[in-house]
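So the chains spell out like this:
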Amino acid sequence: MEKIKFIIYLTIIFFVNIVFSQEYKLGKVTLDELKQDRCATDTSAVAEYLFSKGKTYFEYSQTDGFKIITEVENKIKIYKKEGYSYGNYEVLFYIENNSTKEQITFSNAITYNLVGDKIEKTKLKSEGEFEEQVNKNWGIKKITMPNVKEGTIIEYKYVIRSPFISSFPIWEFEKKIPVLYSEYVTQIPEYFIFNSNIRGGLNPIISVDKKKRTITLREIERVQGKGIYETAVKNNFVTTNIDYEQVETKYILDSINSFNDEVYVNNIKNYTSSISHELAATRYPNQDYKNYALNWENVVQTIYDAEEFGGELNKTNYFEVDIEALLNNINLDEQKIDVIYNFVKTKMNWNGYMGYYTDRGVKSAYKNNIGNVADINLILIAMLRYGGINANPILVSTRLNGIPVFPNRNGYNYVIAGVELDNKTIILLDATNKNANPNIIPERAMNWFGRMIRKDGTSEMVDLYPKKNSIENVSMLAELQSDGTIKGKQRKQLTDYYAFLFRNENGNRNQENYIEELEKIENLSLVEEYKLDNLNDLTKPIIETYSFTSNSLVDIIGSKIYFSPMLFHQLKENPFKAENRLYPVDFNFPIKDSYTFSIKIPEGYVLESKPEPINLIMEENMGSFKYTVAENMGTIQFACSLEINTPIIESSYYQHLKEFFNQIVLKQNEKIVLIKK
């Protein structure tokens, strides 16, 4: 046993030495690397990071104090055309007060290709580098690498110089393609205390080293002359050295598989392996210890007190005439909410930019009928308050922004309106989408919890997920013919989020193109007599009706006819394929799907067999599934319903959920068998 332990120990030491001793540097591209035509660990990979290295450290100058510098080096191998997008890269940078901002510089950006038996290098030119300002707080620096093709190796380095010492980047070990080697180094002076958070299922090798460093200060000393030179003043330069301790922490992972962006997940990056840091405190020489660790109450109060937020909510003179006319003779709060909400949705147009701070300012946005999220929704809140409604802003982190780990201002990037009725019911409103309704906010903003800020400075967590089931109700009358053709008429009704998504996706589509796509998706030979009701009346459900013909839903073998009573509505495969799941399943909103079909049996045939009924109920009433088939006087009567009552299902229930859907798929694909008399 001791011998086995010793061998294992030697193996671990050998592995660690290899990982730490191997050099990963830009500019060292070999013929073998260029000749490699597939990823060794994942032959389906479209590209692979040969290495990704990052280092974050602090730099001091007498004029500006400390700055935080992050250097990143990437080397990427392209295997397939689908991987060409990895020749493009972009980095976000923060801007404060239209003047102070982070600086991004790219260098060593080279594309390598194999031409014959020689390596061809193509450097990034100035026209392949772009910078654009997204809004007044954020900009993007982009590069587009030249001459990218299958077999290409891409290398580049970029540096982020930030005056915001709390602006530590998030280092992502896992990516959408495999990573052969990932290394991240932090070098933090003793003056700064950061909390670190490693998340995800991978455990990096961590090494810590402490080193002495020196800051050199140069000051001018004015010296008065003596004797006959007493009126002369001489300037001497005095050098002062300040020694301090720097803590260097290195994180290493290698042979990292690509992560799979599974179904029903809000943002996979919330759960993949990464490391983030939060500035907890500073302890400068001869100064008091200063605590920066925030709670969410501190964060939201700071945001609310800003002129671009709370200051904009206090402005009303730009809309007072309009709202007085709008609310004339309207006294009920519910009516006021509807009138104001619909007015803002109609008048204002979203420019596609996020943010909880206004971009144009509410007056300018109102005048020009366009603005970012904050412009529009702060106008909405201000108008509701002016109308006597208890409305408050709710700060939100969008799905793409993720779930913040530490309390900080960047944890939120969106704002919606919340109306409190009787201090119990909270109505969520977002006027950036024309198809939104009360409590039907865009999916981008439906991310776990937001925080409502009231006028008195108090704040409260608000659940952003809907409690009411969105309904899809499908009814059908169909007739099966002896040659396998099915003709019928279908009526579909969609409410709440189902209706919202339908309007977003199809509201401006050409009907003829939509019908063609419908025929293709549902595998129908012909769709005719198409009718769509309530597309623009948001107070009513979407109702879609059409007649159809299909020649591909039935199998005829000898004297028997086989078909699923679900026809073209069955779930053909289980969406949950992974053996295990480490993160929640996010259905976005609770649902209730119901199907009621009447299918006439063709002359000369009788029912031989049919699927047995089933009634499944998930734990804690998270969902249910019912399925029944009956025959009455030559007609198949079919009913099926699926309910998901909990929009977020924790990973601990994954196996139960997977089996639940497995039984649904099996049942929905069982066949009715008809036989000739």
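Residues numbered from 1 in each chain as written. Predicted model: local features only at pLDDT ≥ 70, side-chain atom pairs only at ≥ 80, totals over all residues. Heavy atoms only, no water.

### Some points on the overall build of the protein chain
Then, number 1: On a plain count of helices and strands, the protein chain comes out with 11 helices and 37 strands.
Then, number 2: Projected onto its principal axes, the C-alpha coordinates of the protein chain cover approximately 130 × 80 × 55 Å.
Then, number 3: The buried share of the protein chain, reckoned over its 677 residues, is 48%.
Then, number 4: Expressed as a percentage of contacts within the protein chain between residues at least 6 apart in sequence, the contacts between residues at least 24 apart total 71%. (Helix = DSSP H or I, 4+ residues; strand = E, 2+ residues; numbered from the N terminus. Buried < 20%, exposed > 50% of the residue type's maximum accessible area, 1.4 Å probe, protein only. Contact = heavy atoms within 4.5 Å.)

### Looking at the sheet that holds strand β3 (residues 88-96)
Then, number 1: Pairing within the open sheet is antiparallel, and its four strands lie in the order β4-β3-β8-β7. Each of the sheet's edge strands pairs with one partner strand only, and the pair in question is β4 (100-101) and β7 (129-133).
Then, number 2: As paired elements, β3 and strand β8 (residues 138-144) share seven bridges and run antiparallel to each other. Across the sheet, the residue bridging to leucine 92 is isoleucine 140, located in β8. (Pairing = 2+ DSSP bridges.)

### Re the environment of leucine 524
Then, number 1: Here leucine 524 lies in the loop between α10 (511-521) and β26 (526-533).
Then, number 2: Judged by relative accessible area, which is 7%, leucine 524 ranks as buried.
Then, number 3: When the C-alpha positions of leucine 524 and isoleucine 427 are compared, they lie 41 Å apart, and in sequence the two are 97 residues distant.
Then, number 4: Every residue in contact with leucine 524, bar those within four places of it in the chain, is listed here: Glu519, Tyr546, Phe548, Thr549, Ser550 and Phe568.

### A few points about the layout of surface pockets
Then, number 1: Computed from the structure, the second largest pocket encloses a volume of approximately 1,500 Å³.
Then, number 2: What lines the second largest pocket is a set of 44 residues, among which Glu472, Lys492, Glu522, His569 and Tyr595 lie closest to the centre.
Then, number 3: Broken down by secondary-structure element, the contributors of at least two residues to the lining of the second largest pocket are β25 (486-494), α9 (496-506), α10, β29 (560-563), β31 (591-600), β35 (635-644) and α11 (654-668).
Then, number 4: Looking at which element gives the most residues to the lining of the second largest pocket, the answer is α9, with five residues.
Then, number 5: Of the residues assigned to the lining of the second largest pocket, the class counts are 26 nonpolar, seven polar and 11 charged. (1 Å grid on protein atoms, 1.4 Å probe; cavity = no way out; pocket = protein on both sides within 12 Å on 5 of 7 lines; lining within 4 Å. Points joined across faces, edges and corners; volume = space filled by probe spheres on them. Nonpolar A, V, L, I, M, F, W, Y, C, P; charged D, E, K, R; others polar.)

### Some points on the pairing of strand β23 (residues 459-463)
Then, number 1: Judged from the five bridges that link them, strand β22 (residues 449-453) and β23 form a sheet pairing that is antiparallel. The partner of arginine 451 across the bridge, within β23, is methionine 461.
Then, number 2: Connecting β22 to the antiparallel partner β23 that follows it, the hairpin turn spans five residues, and glycine 457 within it adopts a positive phi of roughly 95°.

### Let's talk about the side chain of lysine 336
Then, number 1: With respect to the helices and strands, the residue lysine 336 is situated in helix α6 (residues 333-347).
Then, number 2: It turns out lysine 336 is buried and unbridged, and the closest side chain with the opposite charge, aspartate 333, is 4.5 Å from it.
Then, number 3: For lysine 336, the residues in contact, after removing those within four places along its chain, are Leu327, Ile330, Asn331, Gly387 and Ile389. (Lys, Arg positive; Asp, Glu negative; His and termini not counted. Salt bridge = Lys/Arg side-chain N within 4 Å of Asp/Glu carboxyl O.)

### Digging into the sheet that holds strand β28 (residues 555-557)
Then, number 1: With respect to topology, four strands assemble into an open sheet ordered β28-β29-β37-β32, the strand pairing being antiparallel. With partners counted over all chains shown, the strands left at the sheet margins are β28 and β32 (605-609), one partner each. Strand after strand, the sheet turns through a mean of 30° between neighbouring axes, direction not considered.
Then, number 2: Strand direction decides the pairing type here: β32 and strand β37 (residues 672-676), joined by four bridges, are antiparallel. (Axes fitted to C-alpha atoms, helices over the stretch in contact; angles between N-to-C directions.)

### Regarding the packing of aromatic side chains
Then, number 1: Per the counting criterion, the structure on display carries 45 aromatic pairs.
Then, number 2: Residues tyrosine 356 and tyrosine 357 carry aromatic rings whose centres are separated by 4.7 Å and whose planes lie at 75° to one another, so their mutual orientation is edge-to-face.
Then, number 3: Of the residues examined, tyrosine 356 reaches a relative accessible area of 8% and is grouped as buried.
Then, number 4: Of the residues examined, tyrosine 357 reaches a relative accessible area of 12% and is grouped as buried.
Then, number 5: Considering the side-chain rings of tyrosine 497 and phenylalanine 500, the 5.9 Å spacing of their centres and the 85° angle between planes classify their relative orientation as edge-to-face. Pair noted here: tyrosine 497 and phenylalanine 500 are both in helix α9, with a separation of three residues, about one helical turn.
Then, number 6: Chaining the aromatic ring pairs together yields one cluster made of Phe58, Tyr60, Phe66, Phe168, Tyr191, Phe192, Phe194, Tyr244 and Tyr284.
Then, number 7: Between lysine 175 and the ring centre of tryptophan 171, over which it is positioned, the NZ or CZ distance is 6.0 Å.
Then, number 8: Positioned above the aromatic ring of tyrosine 366 is the side chain of lysine 347, whose terminal nitrogen or guanidinium carbon lies 4.4 Å from the ring centre. (Phe/Tyr/Trp six-rings, centres within 6.5 Å; stacked < 30°, edge-to-face > 60°. Lys NZ or Arg CZ within 6 Å of the ring centre and 35° of its normal.)

### Let's talk about the nonpolar core
Then, number 1: Counting residues in each nonpolar core, the largest one holds 119 residues, and the members touching the most others are Phe309 and Phe660.
Then, number 2: Element by element, the count of residues in this core is highest for helix α8 (residues 373-386), at 10 residues.
Then, number 3: With residues up to four places along the chain from it excluded, the contact list for phenylalanine 309 reads Ile303, Tyr304, Tyr356, Tyr357, Leu378, Pro393, Leu395, Val415 and Ile453.
Then, number 4: Listed in part, the 42 residues of the second largest apolar core include Tyr49, Ile78, Tyr86 and Tyr244. (Core = buried A, V, L, I, M, F, W, Y, C linked by side-chain atoms within 4.5 Å.)

### Quick notes on α10
Then, number 1: All of the buried residues along α10 are Tyr514, Ile515, Leu518 and Glu519. Down the axis of α10, the buried set is contained in an arc of 140°. They therefore lie on one face. Relative to its buried face, α10 has exposed residues pointing more than 90 degrees away, namely Lys520 and Ile521.
Then, number 2: Buried-residue contacts for α10 involve α9, β26 and β27 (542-550).
Then, number 3: Structurally, the start of α10 carries an N-cap: the backbone nitrogen of glutamate 512 is 2.9 Å from a side-chain oxygen of asparagine 510. (Arc of directions from axis to C-beta. Polar contact = N/O pair within 3.5 Å; in protein donor to acceptor, adjacent residues only side chain to side chain.)

### Things to note about the pattern of salt bridges
Then, number 1: Scanning the entire structure with this criterion turns up 23 salt bridges.
Then, number 2: Note that arginine 454 and glutamate 420 form a salt bridge whose closest N and O atoms lie 3.0 Å from each other. Of this pair, arginine 454 sits in the loop between β22 and β23 while glutamate 420 sits in strand β20 (residues 414-421), and the two are 34 residues apart along the sequence. In this structure, arginine 454 and glutamate 420 share a single accessibility class: buried.
Then, number 3: Here glutamate 608 makes a salt bridge to lysine 560, at a shortest N to O gap of 3.2 Å. Here lysine 560 lies in strand β29 and glutamate 608 lies in strand β32, a separation of 48 residues in the sequence.

### Here we look at the confidence of the model for the protein chain
If pLDDT is low for a region, its predicted coordinates should not be looked at in detail.
Then, number 1: Taken residue by residue, the protein chain gives an average pLDDT of 90. The fraction at 70 or more is 94%.
Then, number 2: At the level of individual helices and strands, the protein chain shows its lowest average pLDDT in helix α1 (residues 2-21), which scores 43, and its highest in β31, which scores 98.
Then, number 3: Segment residues 1-21: pLDDT under 50, and 10 contacts once partners within four positions in sequence are set aside and those in other chains are kept. (pLDDT = per-residue confidence, 0-100.)

### Some remarks on the environment of glycine 604
Then, number 1: Topologically, glycine 604 is positioned in the loop between β31 and β32.
Then, number 2: Judged by relative accessible area, which is 31%, glycine 604 ranks as partly exposed.
Then, number 3: Here the alpha-carbon distance between glycine 604 and leucine 124, two residues 480 residues apart in the chain, equals 74 Å.
Then, number 4: Each residue touching glycine 604, except ones within four places of it in the same chain, is listed here: Ile675, Lys676 and Lys677.

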